[in-house]
Amino acid sequence: MNRPKLKSDIDIEQMEQSPELQQAIERDFGSAIGELPDGFSRRRWMQLMGASLALGGMTGCRYKEEQIAPYAFRPQNRVPGVAEKFASTFDFGGVAQPLLATCFDGRPIKLDGNPDHPNSHGASTSYTQARILEPYDPERLRTPMRKDEGDSKPNAVHNEQNWEALQRFAQPLLSASDLSSVAFLSEQISSPSLLKLKKQLEAKGAKWFVYAPINSDQQLAGSVQAFGKALRPHYQFEQAKIILTLDADPINMDPNGPANARGFALTRDPDQEKMSRMYAIESQFTLTGAAADHRMSVTSTDMAGFVGSLAAAIEATTGKINPDLPYREKMLACIAQDLVDHKGAGMIICGERQPAEVHAAVHALNNKLGNHGKTILFTELPESDTQNHLKAIQDFAGGNFKTAVIVGGNPVYTAPRALKIDETIKGIGNTIYLGQYRNETARCCQWIGNPSHPLEAWTDGYAYDGSVCIGQPLIRPLFNSLSEIELLSTWMGLKTTDGMTIVQETSGLSGNEWSQSVHDGFIANSAAEPVSVTLAGGVKMPAATNGWREEWDGSTLELVFTPSSSVYDGRFANNAWLQELPDALTKLTWDNALLVSPKTYDVLKKSGIRTQMIANVTVGDEMVGLPVLIQPGQADGSLGVAIGYGRTAAGRVGGDGWTGVDPVGVDVNPLRTAKNWHFTSIEAPTETGTSYRLALVQDPWNIDSVGRNEIQNRMFMNKDKRESNRSALVREGSFESYKAFLAEHPIDHSHGHDEGHAEDHKDDHASRPAKTGALPVINNVSFVQPVDEDHDDAHGGGHGDGHGHAHWPEAFHLHHQNFDITPGSRRVYEFRPNEGPEQGHRWGMTIDLTKCMGCHACVVSCQAENNIPVVGKDEVWRGREMHWLRIDRYYGDNLYNSEAKDKMVIHQPVSCHHCENAPCETVCPVAATVHSSEGLNDMVYNRCIGTRYCGNNCPYKVRRFNYFNYTDAVTFLKYPGANKMSDADLAMQNLMMNPDVTIRSRGVMEKCTYCVQRIQAAKIQAKNEHREIGPNEIQTACQQACSTNAVQFGDLANPKSNVRKAYDNPRRYAMLEELNVIPRTSYLARVRNVNPALMEFDDRDAIRGYAERHPEPQPH
Amino acid sequence: MATTVEPILDNTFDDPDHRSPLVLGNMDYADVTDKVCSIWEADKAPKVWWLVLIMAISMLMMFGACISHLLMKGVGVWGNNNPAYWGWPIVNFVFWVGIGHAGTLISAILFLFRQNWRTSINRAAEAMTIFAVICAGTYPGVHIGRVWVFYWLFPVPSEHLAMWPNFRSPLLWDVFAVSTYFTVSLLFWYMGMVPDIATYRDRAKTKIRKLAYGLLSLGWTGSARGWHRYEAAYVILAALATPLVLSVHTIVSFDFAVSQVPGWHTTIFPPYFVAGAIFSGFAMVVTLLVPARKIYGLQNLITIRHLENMNKIIMATGLMVGTAYGIEFFISWYSGVPPERFAFYNRAFGNYWWAYWIMVTCNVFIPQLFWFKFFRTNTIAMVVICICVNIGMWFERFVITVTSLCRDYLPSSWHYFHPTEIDIMMFIGSFGLFTTLFLLFCRYLPIIAISEVKSIMPIKGDEH
């Protein structure tokens, strides 16, 4: 190279002029440089000007500037991108719900039960799970509002105002010394702080009314009749051996539902030979009825008569059941005998629907059976609940007040319409509504204040057991608001107006105790002490009647109002997750319907009424048109309908007359009167001839008889032959037969505790008798021997029967020789510690059908965890709901007694089974769904092009396809009014997304991942801490939400994991195992503790060898 | 001349004395050329042509509008749902691919079997094949969820994807099968047309036509050497195309047969699909040629004998399809697999019974009329029957696709399939595409293989 020689003493100018440099420049840079000294050429000038114009213009095109204030010092324990958990609480139905909130970068994104709380132990409900949507609802009010002065229209326009203006209005009214013309109206109050304020207000003469449409009026009145005071019952499910529910749903639709469900599940452990027996007598099909061992439908009207009959039957127990009694009589005799046999270990639970007299009678029966103080405890109530709600709202309506402050609730919609609460409110001079939405009630009020959401504020509350929960704010108020207690304190002119100080003062705690309580979410050992009760004299037993014994005569009809499993009393109408959550039994979304039993339907059909068509229901002068839906298991003559629908001012999800969003469902509140609050007798509904689309996620159209028969065949067994079918989707057996089985093949409960003996394990495993023919160890009544290759001929089928059910799995295996060359091998899961491609973790899941009661909390939990979109009613109708986890519900005939007319129900949660021979994987042309080394069936979203072939080939139909774009804020919650909101408003919803889970674009398949993000998080954490992942460290979202612990998840390769233990349970079976897809999700067969006296068939014979060894069946 | 040819139009009798003529009306070579060229040389196309073309183009525009709507919104505009992930689009795809079978079968297999009567109909049938496959190809193209990455289906070596497609997937086989079939059919059709295009070129009067046909005729001079090469190439292509006729629908049937959906997972599908495809393809050829020969006065070239032969094939394949329906039921019973048994029982007696019985009526019962010579030789009757066959064959695909998916293993997921307006409009629209292409073909390309027809005409002076 001919470079100029540079000397240190040559200055730059000299250098520039050296010919060598010029040459080098010319050589290296060409003519462009040469142009510079002579000024610009025209072309060059154009180039530069063009470029600068373009570049200058581009300065306008840049990303929006964002102000980022990085932490100068990272707050303690805050790792960006790592979720944190905080305890908190909010109120539901007058009971504080202990919460554990997951927060991501300062925003709560998921709510679960607080696992430390002694009452609920981490159980949660679908309501709790779904309420995370509330703070981010774009339709929450953002400023206080005031009715337009000159506007006299019935539903006046409200103008936005500021807090100062509202305070100027409210403070003089509430801080006056005489408040006798001021009325307060609220729902049940669980907050001690609010109760304290209430007392102070009442001391100054104010009236405070408590009204909620779903309340405990009857129960408390019954308690007053029986014991002379209003007491709250606590059902000790863990202690109970015999449970009788009367028109009650204690394990689901109950303020203490999750805790009851948990307690109930603890008594449902057939492996430890510990099983309670539950009888459910009810008019509507509830989840309690579905979970019960015996269910009998009795109309709500006849329930009192049933209680009378029960009292008589308890008197008449002889210790023996007459086998010749008709079925329903026999059932009553069995209940009575069981209750008498288990004095002090039984309980009778009466539902709120029944009148006070029935409650009192049930108290008397429980008392007589010695259950009080053992299985049923009572505590005093927080003060507010002792009011009679329906009387309170009547008093409010007739009160003639000058000022009214309505704290939450929506009485204009929920109160008996005859009271005309809207007129009352409008007639009061000064009205303030405090609530999140401009709902029906708010629209009648002069002022609307928007308090903070409970997750944004300091709150407190009494949990069901009376313990005090402390709720810390999880996020700063999104809209510059204050909580109710802060507002009231300010307006009352109190000194303390700061939320935290109020709550702390109420709690009376300080220092470490306070910090600990805030951390825990509740004050330790603050549960209410049970009080002892003595039965007051004069409790009258209702007269025994025959109404419940006899077949329905086809003429009397009753209409029963039930809380909605989706919108409760209407308060969750704007919650799209809950609106799209299928009802556990009807599987109906986005609607309520008039539920009729098949027999009732046959009668009504004569007058032209058809399912999925509108029928007019008349009560008094009010008429409401409702779509009809057949609900097997409903009491004949009992029509059920859910309240809470047909809101006209809920918002863009639930219906809003102002923005033109049609109401969801039909408002049935006009039919309710204070007298007939829960049920009423009605005339036959009349047809309208209008058809109505109901968005059902299961059995979405009238299934023909071919389909119905097949469902029966597949569900439990071959119905005609009363013979078990190996491909039965649901396996079930009686506790008696399972005990007999366990006597033959005891479960080694120590199994799995001996680490490091993997080799032994294998042998141990193989030799365990429970695993021979490994599958239907327990099955249905008159179960034909599990098919075993060696025994095929012995069963006398001969070759002529060679193509019957018994043989076909083998036939199928021929197609799959490559996968399964062991002749007749049916072992679905075989643990090979040192073989196979998977050396690491082997993730798997089990679901115990004995424990699952179908409450759907897992479904919402999954939805929240995995950013699952809502598709809206039309799309659900079309069959495009996106839930990754669904709960299949099957109705079946009673397996144990052909006389029983009432259908049995089984719930089966189904999500991706993560098959080892996954059928979806082979058919995907672009390899977008592939197997991980840990056995997960991974879905690669950005590889997927959406041929949907995988969905077709999935036998479990768990894959979900994004038919439209649900990714952005506008479409994520695709509900009726979504297009009527600004993008900016909708974008608020993005705040609740779980950032650990990808949001799927249009045209992509998605499905359950076993919460792979949680698996990865646990792996990373374990690796950072140089340790193995604990055997039960990872919880999937569904598992976490499950109050009954039905779901187990973990590493099958770890013998200590619960899931592995469940896998070794003889009740375990794989659904559709004959397809040889080898699913990683297994089910544990359902065991029903059927009363032997009610069993027509003895399914103990099903257990191999039992009949031979015990020729005389043991007396029950 | 004209003394030896029977002056009757009925050439459907088989006289052992001599072969029935395949060209009637005392036509000589020049007449044939004039006749076929007259379609194109006419100053004005027949009014019917214009009428149908306008309708077809309207339908085609609707097709385009539907596809744009689909691309903008997502595949949710169709009625597909959770159990029935495949609905009408796949039904239509299989339907059109099936239609696209007759052409290549006629040109290749009948050629190899020296069935001389093929010469009058093979050109139109091949064209129909090409257009049907184009219609078919549209559906899987837009059927996928993310259309903009459709090319991921092909083994494109690209950095972006960093991997090959999944060669185990029948859908991938499908991509290869259909594209190969289309390519070979197109080549075969075009190559066979070269001498006739050269005729058009030679007779062209305007410069544009001269240029266009000149380019398309690839410099064909009609030299002996040219003919020699042509014949050899034709045989080779025919031999190549023959297995493709069988393979393409076999592989399309694998989309179903390889899966484990009850009602799909059957080994009979490949032959059954191929028979069905020939069945529907021939029916479509008859449906198209009967009006075409009438409009263009080609009764002497496409004679009743041609049509009758096709009707015989339709009846034969219809019987095969009917047998397959029966065997499916037998096997499902014989297998003893309960979901399989249910799938077939449900087809016939479940909530989709109407579709099943439309299929059986149209595909099995109605073609039995072809046992009677009247129906084989009456043009109106045969068109009605052939339209029924195509309705039936569409329903066959519907029954297979939708009824199987709607009720598979888990009753909890059973769902009914409701088509949307877009489904219906796109199906109609695909007929618009097909008809438009076919009409343009009729107008601008020789619809009868002039040179081939001449090869089977009795040479003058050698009538006996």
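Residues numbered from 1 in each chain as written. Chains lettered and ligands numbered in written order. Predicted model: local features only at pLDDT ≥ 70, side-chain atom pairs only at ≥ 80, totals over all residues. Heavy atoms only, no water.

1. A word on the overall build of chain B
The cut-off we apply is this: Secondary structure elements follow DSSP: runs of H or I no shorter than four residues count as helices, runs of E no shorter than two count as strands, and numbering proceeds from the N terminus. The atom set for the radius of gyration is the C-alpha atoms, and the globule formula is 2.2 Å times the number of residues raised to the power 0.38. Type-normalised accessible area, obtained with a 1.4 Å probe on protein chains alone, sets the label of each residue: buried when under 20%, exposed when over 50%, and partly exposed for intermediate values. Whether two residues are in contact is decided by their heavy atoms: any pair within 4.5 Å suffices. Residue exposure ignores everything except the shown protein chains as possible cover, and the areas themselves are Shrake-Rupley values with a 1.4 Å probe.
Counting secondary structure elements, chain B contains 16 helices and zero strands. In terms of overall size, chain B behaves like a compact globule, its C-alpha atoms giving a radius of gyration of 23 Å where 464 residues would be expected to give roughly 23 Å. Projected onto the principal axes, the alpha-carbon positions of chain B cover approximately 75 × 55 × 40 Å. Among the 464 residues that make up chain B, the fraction classed as buried is 59%. For chain B, restricting intrachain contacts to residue pairs at least 6 apart in sequence, the fraction spanning at least 24 positions comes to 81%. For chain B, the accessible area works out to roughly 18,700 Å², and carbon and sulfur atoms hold 71% of it.

2. Concerning the sheet that holds strand β2 (residues 95-104) of chain A
Residues and elements named next belong to chain A. Operational definition: Here, strands pair whenever DSSP counts at least two bridges between them. The angle between two axes is taken between their N-to-C directions and runs from 0 to 180 degrees, where each axis is a line fitted to C-alpha atoms and a helix contributes only its stretch in contact.
The strand order across the open sheet formed by three strands is β1-β2-β3, and the pairing between neighbours is antiparallel. Looking at strand neighbours, the two that pair on one side only are β1 (84-92) and β3 (107-113), the edges of this open sheet. Along the sheet, successive strands turn relative to each other by an average axial angle of 40°, direction set aside. The pairing of β1 with β2 spans nine bridges and is antiparallel. Within β2, the position partnered with Phe-92 by the bridge is Val-95.

3. Quick word on the pattern of salt bridges
Residues and elements named next belong to chain A. Put simply, the test is: A carboxyl oxygen of Asp or Glu within 4 Å of a side-chain nitrogen of Lys or Arg is what we treat as a salt bridge.
Under the counting rule described, the total for this entry stands at 43 salt bridges over all chains. For Lys-739, the salt bridge is made with Glu-736, and the minimal N-O distance between the two is 3.7 Å. One end of the pair, Lys-739, and the other, Glu-736, are both in helix α24 (residues 735-744), three residues apart, so they sit about a helical turn from each other. A relative accessible area of 30% places Lys-739 in the partly exposed class. Among the salt bridges present, the one from Arg-1080 reaches Glu-916, with a minimum N-O distance of 2.9 Å. Here Arg-1080, found in the loop between β43 (1068-1069) and β44 (1081-1084), pairs with Glu-916, found in the loop between β37 (904-910) and α29 (919-923); they are 164 residues apart in sequence, far enough to count as distant. Shared partners join several salt bridges into a network, and the residues in it are Glu-187, Asp-569 and Arg-571.

4. A look at the sheet that holds strand β6 (residues 182-186) of chain A
Residue and element names in this part refer to chain A. Overall, mixed pairing links the seven strands, which are arranged β5-β4-β18-β17-β16-β6-β7 in an open sheet. In this open sheet, the two edge strands, each paired with only one partner strand, are β5 (158-160) and β7 (207-210). Going from strand to strand, the sheet's axes swing by 20° on average, the running direction of each strand aside. Here strand β16 (residues 403-407) runs beside strand β17 (residues 430-434); their pairing, made up of five bridges, is parallel. Directly across from Thr-403, in β17, lies its bridge partner Asn-430. Packed on one face of the sheet, helix α18 (residues 484-491) meets β6, β7, β16 and β17 and runs near 150° to β17.

5. What to know about the packing of aromatic side chains
Let me state the cut-off plainly: Pairing of aromatic side chains requires ring centres within 6.5 Å, counting the rings of Phe and Tyr and the six-membered ring of Trp. Pairs whose planes differ by under 30 degrees are stacked, by over 60 edge-to-face, and all others tilted. Note on criteria: charge over ring means Lys NZ or Arg CZ within 6 Å of the ring centre, with the direction from the centre no more than 35 degrees off the ring normal.
Taken as a whole and assessed by the stated rule, the structure comprises 75 aromatic pairs over all chains. Seen from their ring centres, B:Phe434 and B:Phe438 are 6.3 Å apart, and the 15° between their planes marks the pair as stacked. Taken together, the residues span about one helical turn, with B:Phe434 and B:Phe438 both in helix α15 (residues 421-444) at a distance of four residues. B:Phe434 sits in the buried class, given a relative accessible area of 2%. With a relative accessible area of 7%, B:Phe438 lands in the buried category. Across from the ring centre of A:Tyr413, 5.4 Å away, lies the NZ or CZ of A:Arg647, which sits over that ring. Geometry around A:Tyr963 places A:Arg880 over its ring, the cationic atom sitting 4.3 Å from the centre.

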